[in-house]
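Take a look at the letters that make up each chain.
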Amino acid sequence: IFNLFGDLFLSVKILHRASFDVFIGTTNFDALPAIICRKLLRKKIPHILYYPRDFREGFYANPLVDGAYLTFERVAVKNSDATVSNSHRSAGRRFELGLKPERSLVIPNPVKNMDPSFKDKQIRKDHFIYQGDVNREHGLYDLISTIRPLIKKLVIIGNGADWDRTVQLAKDSNIDVEVHR
């Protein structure tokens, strides 16, 4: 925690002296230095863009840290000129925290296909890949428990508060599970 606040102080100090037109914060804590400079130190920052990867409520499994996350999220969405969410679910949750719809953009995470030609291949309808946060909100555990008779192989790429329970369910269901944390 001391490192985070040390970084915050250093970032505020650097930003206060720098000249720029657009600041992009990729986490709610990263957006704070520009917000502090603009609101408290009265620095002219024409545009603050908050561009997080996802809404991560309950991710830290610690009430104090999760509370701080929600506080920083609220400050970021209320004080940035625009907030980009990667899903309507994330944007909806941010609206509840005070994000104004006119300051909201939803841009899904992009995927670029380097080889647009598709070749015939066997499609394994019993093989699944999941990439993302493994938490109760995203529902991987519920999905596995619902369709486990259909799953022979499952690849999980991610991490999260529901990791152990979800992986154990897959193993207990005799699913060939490959994990990447």
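Scope of this entry: the structure provided in the associated data block. Since the structure is predicted, the reported quantities are computational estimates derived from the model, not experimental observations.

### Considerations on the sheet that holds strand β7 (residues 176-180)
1) Next: The sheet built from 3 strands is open, its strands ordered β5-β6-β7 with parallel pairing. Each edge of the sheet is formed by a strand with only one pairing partner; in this case those strands are β5 (127-133) and β7. When strand polarity is set aside, the average angle formed by the axes of neighbouring strands in this sheet is 15 degrees.
2) Next: Relative to β7, strand β6 (residues 153-159) runs parallel, the two sharing 5 bridges.

### Focus on the pairing of β5
1) Next: Alignment of β5 against β6, held across 7 bridges, turns out to be parallel. The residue bridging Q131 from the neighbouring strand is I157, located in β6.
2) Next: Note that the unit made of β5, helix α5 (residues 140-147) and β6 has a crossover that is right-handed.

### As for unusual backbone geometry
Backbone geometry follows two general trends: most residues other than glycine have a negative phi, and most peptide bonds adopt the trans configuration.
1) Next: In the Ramachandran plot, R42 falls in the positive-phi region, its phi being about 60 degrees despite a non-glycine side chain.
2) Next: Among the structural elements, R42 can be located in the loop between α2 (28-39) and β2 (47-50).
3) Next: Assessed through its relative accessible area of 67%, R42 is described here as exposed.

### Topic: the side chain of R94
1) Next: Topologically, R94 is positioned in helix α4 (residues 88-96).
2) Next: Owing to a relative accessible area of 0%, R94 belongs among the buried residues under this scheme.
3) Next: Dropping the residues within four chain positions of it, R94 is found in contact with Y50, P52, D54, F55, E73, V77, T83, S85 and L99.

### A look at the nonpolar core
1) Next: Among the nonpolar cores identified, the biggest contains 22 residues, and L15, F23, A34, I45 and I48 are the most heavily contacted of them.
2) Next: Elements supplying a minimum of two residues to this core: α1 (2-17), α2, β2 and α3 (63-79).
3) Next: Here the element with the most residues in this core is α2; it accounts for 6 residues.
4) Next: Beyond its immediate sequence surroundings of up to four residues, A34 is in contact with L15, F23, I45 and I48.

### Comments concerning the side chain of T83
1) Next: As for its position among the elements, T83 is in strand β3 (residues 82-85).
2) Next: Residue class for T83 comes out buried when judged on its relative accessible area of 0%.
3) Next: Excluding its chain neighbours within four sequence positions, the residues that come into contact with T83 are Y50, V77, R94, L99, R103, S104 and L105.

### A closer look at the packing of α5 against helix α6 (residues 163-172)
1) Next: The contact between α5 and α6 brings their axes to 9 Å, and the two run at 15 degrees. Taken together, the axis directions place α5 and α6 in an arrangement best described as roughly parallel. Both α5 and α6 take part in a crossing whose hand is left-handed. Of α6, the residues touching α5 (which contributes L140, Y141, I144 and S145) are R165, T166, L169 and A170.

Conventions and cut-offs
- Residues numbered from 1 in each chain as written.
- Predicted model: local features only at pLDDT ≥ 70, side-chain atom pairs only at ≥ 80, totals over all residues.
- Heavy atoms only, no water.
- Pairing = 2+ DSSP bridges.
- Helix = DSSP H or I, 4+ residues; strand = E, 2+ residues; numbered from the N terminus.
- Axes fitted to C-alpha atoms, helices over the stretch in contact; angles between N-to-C directions.
- Right-handed = clockwise from strand over helix to strand, strands pointing away.
- Buried < 20%, exposed > 50% of the residue type's maximum accessible area, 1.4 Å probe, protein only.
- Contact = heavy atoms within 4.5 Å.
- Core = buried A, V, L, I, M, F, W, Y, C linked by side-chain atoms within 4.5 Å.
- Parallel < 35°, antiparallel > 145°, perpendicular 65-115°, else oblique.
- Left-handed = near helix turned anticlockwise from the far one by under 90°.

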